[in-house]
Amino acid sequence: QTGANDLQTKADRLVQMSICASLARKFPKVTIIGEEELSTDEVTEELIENGHCEEILKKTCPAQYTGIKEEELVIWVDPLDGTKEYTEGLLDHVTVLIGIAYGGKAIAGVINQPYYNYEAGPGAVLGRTIWGVLGIGAFGFQLTEAPAGKHIVVTTRSHSSTLVNDCISALNPDSVIRVGGAGNKIIQLIEGKASAYVFASPGCKKWDTCAPEAILHAVGGKITDIHGNSFQYNKEVKHMNSAGVLAALRNYDYYASRIPNTVKQSLVP
């Protein structure tokens, strides 16, 4: 008898093994940090991805990145973001996150939604890949701003608490959307379904925020912890974003200025 959690763990491990082994083979000197602890077993060839995306190679590399050495990059991988939702069949919440950091900053990211369009019926194209690089932009979706004058907050679906809810109440939102996955929440912002992503809790990790941060920043948005500190992604950094998350595509300052001090005092960076 295997439960949903066993399924999830197996899916997580296989996806991470595929991503990490494929990257390590092509870029042996980069540091790769993934959510799952992987065994050092030999990876089977069918898990290795050798292809590359022509569309990306047509873009010109921003000048500030042309001199980067492979060993200076850190890649943060979340093989299955929105795990709880995955096991409950809410497949549109699920994303695969690959973030690339240089000098401690998120500079490029991929958010893959493997089940995008899964409810659209036969003939619909299943899945999509959103990607972005600072200095180039972000692609694979239609950038849309949330309705003007509306304050729509997207937050956690499965990790609610008094602190999380107090923080949201203080923002006096017109509406609150509760969805799973950090990648999915950033998609809500860049597609105009929400105006702020607020999570006053320490549950989020660096592999949850690195890829979404790069994509959000590439289109002029901003993400920080609840105190307004930017996230660091160098390989020595602790994995937990212990002071929560605050993000917006536009009007970040409006939301930042309304975070209560009681909430800030409860969340230590």
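- Under an unreviewed UniProt entry, the name given to the chain is 3'(2'),5'-bisphosphate nucleotidase 1, and the organism recorded is Pedionomus torquatus.
- Under the heading Sequence similarities (unreviewed entry), UniProt records this for the chain: "Belongs to the inositol monophosphatase superfamily."

1. Details of the nonpolar core
Then step 1. W76, Y197 and I226 are the most contacted members of the largest nonpolar core, which has 54 residues in total.
Then step 2. Element by element, the count of residues in this core is highest for helix α6 (residues 206-218), at seven residues.
Then step 3. For this core, the two domains that each supply at least three residues are domain 1 (10-139) and domain 2 (152-266).
Then step 4. Setting aside residues no more than four positions away along its own chain, W76 makes contact with I33, L97, I98, G99, A101, K206, W207, C210, Y233, N234, V237 and H239.
Then step 5. With 14 residues, the next largest nonpolar core counts I19, Y65, V77 and A108 among its residues.

2. Quick look at the environment of A106
Then step 1. Structurally, A106 can be placed in strand β4 (residues 105-113).
Then step 2. What makes A106 buried here is its relative accessible area of 2%.
Then step 3. For A106 and H217, which are 111 residues apart along the polypeptide, the C-alpha to C-alpha distance reads 8.8 Å.

3. Considerations on the domain arrangement of the chain
Then step 1. On domain assignment, one finds that the chain holds domain 1 (10-139) and domain 2 (152-266).
Then step 2. Spacing between the C-alpha centres of domain 1 and domain 2 amounts to 21 Å.
Then step 3. In this assembly, 39 residues from domain 1 lie in contact with 31 residues from domain 2.
Then step 4. Summed over both partners, the interface of domain 1 with domain 2 buries about 2,600 Å², with 64% contributed by carbon and sulfur atoms.
Then step 5. With a closest N to O distance of 2.8 Å, R157 and E85 form a salt bridge.
Then step 6. Counting across the domain 1 and domain 2 interface gives nine residue pairs in polar contact (both at pLDDT 80 or more).
Then step 7. Elements represented by at least two residues in the side of domain 1 that touches domain 2 include exactly β1 (31-34), β2 (73-81), α3 (83-87), β3 (95-102), β4, β5 (128-133) and β6 (137-139).
Then step 8. Tallying contributions element by element places β4 first for the side of domain 1 that touches domain 2, with eight residues.

4. Focus on the packing of aromatic side chains
Then step 1. Per the counting criterion, the structure on display carries six aromatic pairs.
Then step 2. With centroids separated by 6.3 Å and ring planes inclined at 70°, the aromatic side chains of W76 and Y233 adopt a geometry described as edge-to-face. In this pair, W76 sits in strand β2 while Y233 sits in the loop between β10 (222-224) and β11 (245-248), placing the two residues 157 residues apart along the sequence. Y233 carries the same exposure label as W76, and that label is buried.
Then step 3. Chaining the aromatic ring pairs together yields one cluster made of W76, W207, F231 and Y233.
Then step 4. One cation-aromatic arrangement involves R128 over Y116; the distance from NZ or CZ to the ring centre is 3.9 Å.
Then step 5. Geometry around Y254 places R258 over its ring, the cationic atom sitting 3.7 Å from the centre.

What counts and how
Residues numbered from 1 in each chain as written. Predicted model: local features only at pLDDT ≥ 70, side-chain atom pairs only at ≥ 80, totals over all residues. Heavy atoms only, no water. UniProt positions renumbered as here; feature names shortened; annotations may be inferred. Core = buried A, V, L, I, M, F, W, Y, C linked by side-chain atoms within 4.5 Å. Buried < 20%, exposed > 50% of the residue type's maximum accessible area, 1.4 Å probe, protein only. Helix = DSSP H or I, 4+ residues; strand = E, 2+ residues; numbered from the N terminus. Domains from an automatic or database assignment. Contact = heavy atoms within 4.5 Å. Buried area = accessible area lost by both parts, 1.4 Å probe. Salt bridge = Lys/Arg side-chain N within 4 Å of Asp/Glu carboxyl O. Polar contact = N/O pair within 3.5 Å; in protein donor to acceptor, adjacent residues only side chain to side chain. Phe/Tyr/Trp six-rings, centres within 6.5 Å; stacked < 30°, edge-to-face > 60°. Lys NZ or Arg CZ within 6 Å of the ring centre and 35° of its normal.

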